[in-house]
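Each chain, letter by letter, is given below.
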Amino acid sequence: VYEIADGSFWKRLKRYATKDVKKLKANDDPATSGQYLLGAALSQSSVPDQGAHESMQVTDLGILVNHAYSLTDVAEIGEAHQEKIRLVQLRNPWGLKEWEGPWSDNSREWDTAVGRKAMQKLNVSFDGADGTFWMAWEDFQAHFNKIYVCRIFETVNPLTLRRGERPPLGAWCRYEIEGAWDEDNSGGCFNFPEWRKNPQYEIRTSEMTDAVFLLMQKDPRTDVTPHSGSPPPAMAVDGSSAKLGGDEGGPKYDKKIGMYVMRGHEIYRRKVLFDSDEMEGEEVTDSTPYMAYREVTCNTMDEEDDQPLQPYERYVMIPSTFEPGKTGKFRIVLYTAKPLEHPPELVPRLKECHVAGAWTESNAGGCRNFYTWRRNEQYSLQLSKPARVSVVLLRHNAEVSDTALHSKKSKAKAGSKKKKAKDASNFLIGFVVARAGPRPDRKQLHVEAGEIVDKTQFSPAFESAAEFYSEDHLEKAPERSYVIVPSTFEPGIDPPNPAKWGDFELLVFTDDERA
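Residues numbered from 1 in each chain as written. Predicted model: local features only at pLDDT ≥ 70, side-chain atom pairs only at ≥ 80, totals over all residues. Heavy atoms only, no water.

For soluble globular proteins, the rule of thumb is that nonpolar side chains tend to be buried together. In terms of nonpolar packing, the biggest core is built from 25 residues, with Val 88, Leu 90, Met 135, Phe 140 and Phe 144 touching the most fellow members. Mapped by element, the contributors of at least two residues to this core are α2 (8-16), β1 (35-41), β2 (69-77), β3 (85-91), β4 (132-136) and α5 (137-143). Counting residues per element, this core draws most heavily on α2, at four residues. Aside from chain neighbours lying at most four places away, what touches Phe 140 is Ala 40, Leu 71, Val 88, Leu 90, Met 135 and Ile 147. (Core = buried A, V, L, I, M, F, W, Y, C linked by side-chain atoms within 4.5 Å. Buried < 20%, exposed > 50% of the residue type's maximum accessible area, 1.4 Å probe, protein only. Helix = DSSP H or I, 4+ residues; strand = E, 2+ residues; numbered from the N terminus. Contact = heavy atoms within 4.5 Å.)

Structure follows, in structure tokens:
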């Protein structure tokens, strides 16, 4: 809706429909170095699809319901100083039953000045009922609700290229990953703290490049693997599957899938944080929508403010189901205009330390601004070697949105920051990580500012997080012994204040297996 209103989708559609061969082969412009097949349909799930044109439902103006049309051209007609007419050309592949509204064959619009100019520029001729017709862009929006875009890639296997060698003109490098979500690594999207369990794949660039990311899941009609969790679907006499019933008469998928593309880091390779106060810029550089489809996709070219993958950078792809615990096989296909420095590599899991606690009438001491701070629970962390440490403080989130956080592009991101608690004004959470005292087994009664290794701002969100590398703080913690103190901002004791009480979970992720 946003892209239609601001005109950006029309610009993209014009690019998809270009027939300029030079642009299609222009390797210095990856956004246009490719060809597209376009289609459109008026999809209505309430209308049964019988498969024969005699039984299909038709609108008053001649559009067949649940029928695929080829979208063959888009054009703007008019003088530079005038508002231009936007037209789209479609074709019914059956060669019959055409649009009967404005700009249809022999309609009066073609007899106007702009119509005659359009006929000449677009080489329009009316050859009877051949299934091809034009219509205004505004009418197209009113009478169609689906556009299909299939990009045709000329690809090359990057493993066959020598170091520094360019792919053939117009060709894209294709990388492929086969994987599976199982009971151990199906963490769901960012709405769930378990997302950190999902498989993560790191890529490294050597130069600036555009990229296309695809995530696919098995067709339920053919998935007979143990991951599918069910026997193969029964087939009807006509060859249809019992699993039909999805969008547009296709198979019904039992899980939504999607993928995040995040900025990588040499030390913090595995992603644990995605919306922390200590981060600079957007941590999620791209993302697909979460949909119960065979495949979902995103790329670095579709929006005007999109940026290519930057040179000599790391990125992490995180495929997931929408909800945790959904299992099944998946495939990632990555196309890049330039070869990667390093192909996709599975990032190892981190060790996770977990403890559950609660702020109560006896220990809700508030932050360091209050003398009651020392009443908070304190947790000791002991490292055996130089290590990355990511700390996440969680509180219970009773409501989970059905829209994935950070899913699909900037317009979604603008309103997709971490969800705040209903009592946000009264219940801010955060923590301090400090050097442990000479007796790590005893509580710290006071922490000087110089002993603080890391800390978060106090946040109304359902989680607060920070991460550090232990070697950066050797002067503060030479023994690599730390104390973590989670707290609310204001105390809930002296006097007792139940509004500051509640359960929490503290998670520590580290690459030190002996932590």
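Where helix α4 (residues 113-122) is concerned, the buried positions are Gly 115, Ala 118 and Leu 122. Down the axis of α4, the buried set is contained in an arc of 60°. They therefore lie on one face. Exposed residues on α4 whose side chains face more than 90 degrees from its buried face are Ala 113, Gln 120 and Lys 121. Two residues or fewer after α4 comes Asn 123, characterised by a positive phi angle close to 55°. (Arc of directions from axis to C-beta.)

Here we come to the sheet that holds strand β23 (residues 502-510). Strand order in the open sheet formed by four strands is β16-β23-β18-β21, with antiparallel pairing between adjacent strands. Whereas interior strands pair on both sides, the edge strands pair on one side only; in this sheet they are β16 (351-359) and β21 (463-469). With strand direction ignored, the average angle separating the axes of adjacent strands in the sheet is 15°. Two strands pair when backbone bridges link them, and β16 and β23 are joined in this way by nine bridges, in the antiparallel orientation. Paired with Cys 353 across the two strands is Val 508, which belongs to β23. (Pairing = 2+ DSSP bridges. Axes fitted to C-alpha atoms, helices over the stretch in contact; angles between N-to-C directions.)

Turning our eyes to something else, we now look at the side chain of Ser 186. One can find Ser 186 in the loop between β7 (172-181) and β8 (201-205). Residue Ser 186 is classed as buried on the basis of its relative accessible area of 2%. For Ser 186, the side chain forms a polar contact with the main-chain oxygen of Lys 326, separated by 2.6 Å. Ignoring sequence-local partners within four residues, the contact set of Ser 186 consists of Trp 181, Lys 197, Asn 198, Thr 321, Glu 323, Pro 324, Gly 325 and Lys 326. (Polar contact = N/O pair within 3.5 Å; in protein donor to acceptor, adjacent residues only side chain to side chain.)

So, on to the sheet that holds strand β22 (residues 481-488). Taken together, the four strands give an open sheet; going across it, the order is β17-β22-β19-β20, and neighbouring strands pair in antiparallel fashion. The open sheet has two edge strands, β17 (379-382) and β20 (452-455), and neither has a second partner. Taking each pair of neighbouring strands and ignoring which way they run, the sheet shows an average axis angle of 25°. Bridge count between β17 and β22: four bridges; the pairing is antiparallel. Opposite Leu 381, over in β22, you have Tyr 482 as the bridge partner.

A few words now on the packing of aromatic side chains. According to the stated counting rule, one finds 23 aromatic pairs in the structure shown. For the ring pair Tyr 201 and Phe 330, a centre distance of 6.5 Å and an interplane angle of 75° mean the geometry is edge-to-face. Residue Tyr 201 is found in strand β8, and its partner Phe 330 is found in strand β14 (residues 328-336); the two are separated by 129 residues along the sequence. In terms of burial, Tyr 201 and Phe 330 fall into one category: buried. When the centroid spacing of 5.8 Å and the interplanar angle of 50° are considered together, the rings of Tyr 260 and Tyr 290 count as tilted. Of the two residues, Tyr 260 is situated in strand β10 (residues 257-263) and Tyr 290 in the loop between β11 (284-287) and β12 (295-299); the sequence distance between them amounts to 30 residues. What makes Tyr 260 buried here is its relative accessible area of 1%. By relative accessible area, Tyr 290 is classed as buried at 10%. Members of the aromatic cluster, each reached through a chain of ring pairs, are Phe 9, Trp 10, Tyr 69, Phe 133, Trp 137, Phe 140 and Phe 144. Here the guanidinium or amino end of Lys 256 rests over the ring plane of Phe 322, the centre of that ring lying 5.4 Å away. One cation-aromatic arrangement involves Arg 395 over Phe 462; the distance from NZ or CZ to the ring centre is 5.8 Å. (Phe/Tyr/Trp six-rings, centres within 6.5 Å; stacked < 30°, edge-to-face > 60°. Lys NZ or Arg CZ within 6 Å of the ring centre and 35° of its normal.)

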